[in-house]
Amino acid sequence: MTALLSEELHRIAPDIDLTDIDRSEDLRDELDIDSMDFLRLVTALGKRLNLDMPEADYDRMRSFDAMLSYLQARGAG
Amino acid sequence: MSAFVMPSLGADMEAGVLVEQLIAPGDPVQRGDVIGAVETQKGVIEIEVFESGTLAEWLVPLGTKVPVGTPLAMIDTGAQDVPDPDEPDIPDPEEPTELPEEPPTELPDPEQPFPDDPIPEDLPYDDPGPSEPMPEIPPFDPGMRLRITPAARRLAAQSGVDPRALSLPLGRAITRADILGLAPTSKPPPQFDMRAAIAAAMSRSKREIPHYYLSHMVDLTAAEGFVSALNKDRAPQDRVLLGAVVARAVAHALRKFPEFNGHYDGSFVPSQAVHLGMAINIRGGGLVAPALFDAADKPLDALMRDMADLVERVRAGRFRARELSDATITLTSLGDRGVDELLGVIYPPQVAIVGMGTPRLHPMIHDGQVAARLAARLTLAADHRVSDGHRGALFLRAIDKHLQKPDTP
């Protein structure tokens, strides 16, 4: 799951080294992505994992670690 | 037979570099097909053909910088090859138009930024790539887009290496570091200068356009509530962003304020259509403001799809020529991690730029009570040769009004 998330993040921010980011901080700050990039990320993850990822859950997806926990809690992978 | 030439993408473009040939000689082309890509100061522009037929030949090798108007390829349109008196000025492909090496007004350019040798058609796949055993990308399919960052694409064109020779794990985009690993010498090539293009346009703007500025706080609670309700049961790919609602509000408000929509070229020429330029920042530096065409005529979902498509292509460093030259006004937003207010610089020959600060909770008076409301500062920078502050203020209020009733189409 970590690899899958890393792969999708790399698609969106190819210039960022994911080993350098703080995984507990807001992804938007760590990767310098905007709301459109975040929507693309959610769209890609939702399709690959067959999850609906509702907007109401966005606050549970804000950091790398939070997103991982969220995906695991939702039963993905 | 007709010539396909290096397109002009605005007055400040003099030359471009052919960086991709996506169609092989002998292949059929349809009007509107993307047949290649050109690197300009503004980034990589996909070039579309205007006629259907067959690609007869490429006239310019990859990596070659040529002036605007230089024939790049010949398209066999099925018409007779006899000279047609109605089609003047088609250069003879046998005389490969020896144009001056560099236009005289070229920006300072270190001598010979591009290698003499065209890139070989087929590089062996055992070229010095990353040595780790990784699944190889399949042989290049002309219809397949290369996943490559703009900086890497630039570097590849400049150093004469073929990024398709890289072996990478599927799905991973090629980065500048990958190209550096391929380049035969370690000499860093000159950075392609998007900064110079921005500097030229913005200097001209501040030199020629007498800007005036207005600012207005807009309550976004209704718009945000509308977006949340709309997205509640939607799959991610069908969701709408608040930014699309703002774009629609600006486009709709312009219907009654034509003096902010159009081009100034000696005198003001208003535009019937609203081609809303969206200022989009580029990772690693710079920004572009390509147009959302006919933004006032599209339903919200269609506008959102166009916006997503535009952002995706800009992030990949690719857009179409018309998108850069035809915007009639610009909208620039700070997104959700910016600051309160943004006062824009008009992009010539446009006459106005609307700015949107970062939406956040502000104490506002609502129904006679102080309440925490989601709000953002909306600004206008407009050309005083064309409009006055009074009309500008009414225009901002019209945008505000649209945002208070986001459910009206």
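Here goes a summary of the coordinates provided. Numbering of residues starts from 1 in every chain and runs along the sequence as written. The lettering of chains begins at A and the numbering of ligands begins at 1, in the order of writing. Residue-level local features of this predicted model are given only where pLDDT is at least 70; pairs of side-chain atoms are given and counted only at 80 or more, and the full residue set underlies all totals for whole chains, interfaces and linings. No hydrogens and no water enter the side-chain calculation; it runs on all heavy atoms of the structure.

1. Re the overall build of chain A
And step 1. A tally of regular secondary structure across chain A gives four helices and zero strands.
And step 2. Labels follow the DSSP assignment, with helices taken as runs of H or I lasting at least four residues and strands as runs of E lasting at least two, numbered in each case from the N terminus. Along the chain direction, N to C, the helices and strands of chain A fall in the order α-α-α-α.
And step 3. Every residue pair with non-hydrogen atoms within 4.5 Å of one another is taken to be in contact. A fraction of 51% describes how many contacts in chain A between residues 6 or more apart in sequence connect residues 24 or more apart.
And step 4. Per-residue and other accessible areas follow the Shrake-Rupley method at a 1.4 Å probe size, with only the shown protein chains counted as cover for residues. When the accessible surface of chain A is split by element, carbon and sulfur atoms take 43% of a total near 3,600 Å².

2. Points about the overall build of chain B
And step 1. A tally of helices and strands in chain B yields eight helices and 20 strands.
And step 2. Going through the 409 residues of chain B one by one, you find that 46% of them count as buried.
And step 3. For chain B, the share of sequence-separated contacts (at least 6 apart) that also reach a separation of at least 24 residues comes to 66%.
And step 4. In the form shown here, chain B has an accessible surface area of approximately 20,100 Å², with 54% of it arising from carbon and sulfur atoms. For every residue, the accessible area (1.4 Å probe, protein chains only) is compared with the maximum for its type, and the residue is labelled buried under 20%, exposed over 50%, or partly exposed between those bounds.

3. Some thoughts on the side chain of Arg28(A)
And step 1. Along the polypeptide, Arg28(A) turns up in helix 2 (residues 27–30).
And step 2. On the basis of relative accessible area, Arg28(A) is assigned to the buried category, the value being 13%.
And step 3. N or O atoms closer than or at 3.5 Å make up a polar contact, with two conditions inside protein: a donor-capable atom paired with an acceptor-capable one, and, for residues adjacent in sequence, both atoms drawn from side chains. In terms of polar contacts, Arg28(A) uses its side chain to reach the side chain of Asp26(A), at 2.7 Å.
And step 4. The contacts of Arg28(A), once residues within four sequence positions are left out, are Ile33(A), Arg62(A), Asp336(B) and Arg337(B).

4. Quick notes on the interface of chain B and chain A
And step 1. Taken residue by residue, the interface counts 25 residues in chain B and 27 residues in chain A.
And step 2. In total, chain B and chain A occlude about 2,100 Å² of area from one another, counting both sides; carbon and sulfur atoms represent 49% of this.
And step 3. The three residues of chain B that bury the most area against chain A are Arg239(B), Arg283(B) and Arg337(B), which together make up 33% of that side's buried surface.
And step 4. Across the pair Asp37(A) and Arg315(B) runs a salt bridge whose closest N-O atoms are separated by 3.0 Å.
And step 5. Listed by contribution, the elements that provide at least two residues to the side of chain B that touches chain A are helix 4 (221–231) and helix 6 (300–315) of chain B.
And step 6. Lys, Arg, Asp and Glu make up the charged group, whereas Ala, Val, Leu, Ile, Met, Phe, Trp, Tyr, Cys and Pro make up the nonpolar group; the residues left over, Gly among them, are polar. Split into classes, the residues belonging to the side of chain B that touches chain A amount to ten nonpolar, seven polar and eight charged. Two parts lose some accessible area (1.4 Å probe) when they are put together, and adding that loss for both gives the buried area. Salt bridge, as used here, is a side-chain nitrogen of Lys or Arg placed within 4 Å of a carboxyl oxygen of Asp or Glu.

5. A short note on the nonpolar core
Note that soluble globular proteins tend to have their nonpolar side chains buried in a common cluster.
Residues and elements named next belong to chain B.
And step 1. Working definition of a nonpolar core: buried Ala, Val, Leu, Ile, Met, Phe, Trp, Tyr and Cys residues. They are joined through side-chain atoms within 4.5 Å. By size, the foremost hydrophobic cluster in this structure holds 102 residues, and its most contacted members are Phe-260, Leu-276, Phe-395 and Ile-399.
And step 2. Of the residues forming this core, the biggest block, nine residues, is contributed by helix 5 (residues 242–253).
And step 3. Excluding residues that lie within four positions of it along the chain, Leu-276 makes contacts with Ala-247, Val-250, Pro-290, Ala-291, Leu-292, Ala-295, Ile-329 and Leu-331.

6. Here we look at the pairing of strand 1 (residues 2–5) of chain B
Residues and elements named next belong to chain B.
And step 1. Burial along strand 1 is one-sided: the residues Ser-2 and Phe-4 are buried and none of Ala-3 and Val-5 is.
And step 2. Sheet topology places strand 1 next to strand 8 (residues 71–76); four bridges connect them, and they run antiparallel. Residue pairing for strand 8: Val-5 is matched across the bridge by Pro-71. When DSSP finds two or more bridges between two strands, those strands count as paired.

7. Structural notes on the sheet that holds strand 4 (residues 34–40) of chain B
All names here are of chain B.
And step 1. The five strands are arranged 7-2-4-5-16 in an open sheet whose pairing can be described as mixed. Single-partner strands in this sheet number two, and they are strand 7 (65–67) and strand 16 (318–320). Between one strand and the next, the sheet's axes are offset by a mean angle of 40°, whatever the strand orientation.
And step 2. Pairing of strand 5 (residues 43–48) with strand 16 involves three bridges; the strand directions are parallel. Counted as the bridge partner of Ile-45 is Phe-319 from strand 16. Helix axes are fitted to C-alpha atoms over the stretch in contact, other axes to C-alpha atoms as well, and angles between N-to-C directions run from 0 to 180 degrees.

8. Considerations on helix 4 (residues 64–73) of chain A
Residues and elements named next belong to chain A.
And step 1. Every buried residue of helix 4 is accounted for by Phe-64, Met-67, Leu-68, Tyr-70 and Leu-71. Looking down the long axis of helix 4, one finds its buried residues gathered within 165° of arc, a one-sided arrangement.
And step 2. Where the residues of helix 4 are buried, they touch helix 1 (2–12), helix 2 and helix 3 (35–49).
And step 3. Immediately downstream of helix 4, the backbone of Gly-75 shows phi near 85°, a positive value. Think of the arc as the fan of directions from the helix axis to the C-beta atoms.

9. Some points on the environment of Thr54(B)
All names here are of chain B.
And step 1. Tracing the chain through its elements places Thr-54 in strand 6 (residues 53–58).
And step 2. Between the alpha carbons of Thr-54 and Ala-24 there is a distance of 9.5 Å; along the sequence they are 30 residues apart.
And step 3. Not counting residues within four places of it along the chain, the set of residues in contact with Thr-54 comprises Gly-26, Asp-27, Pro-28, Val-29, Met-74, Ile-75 and Asp-76.

Purely geometric numbers; function is a separate question.
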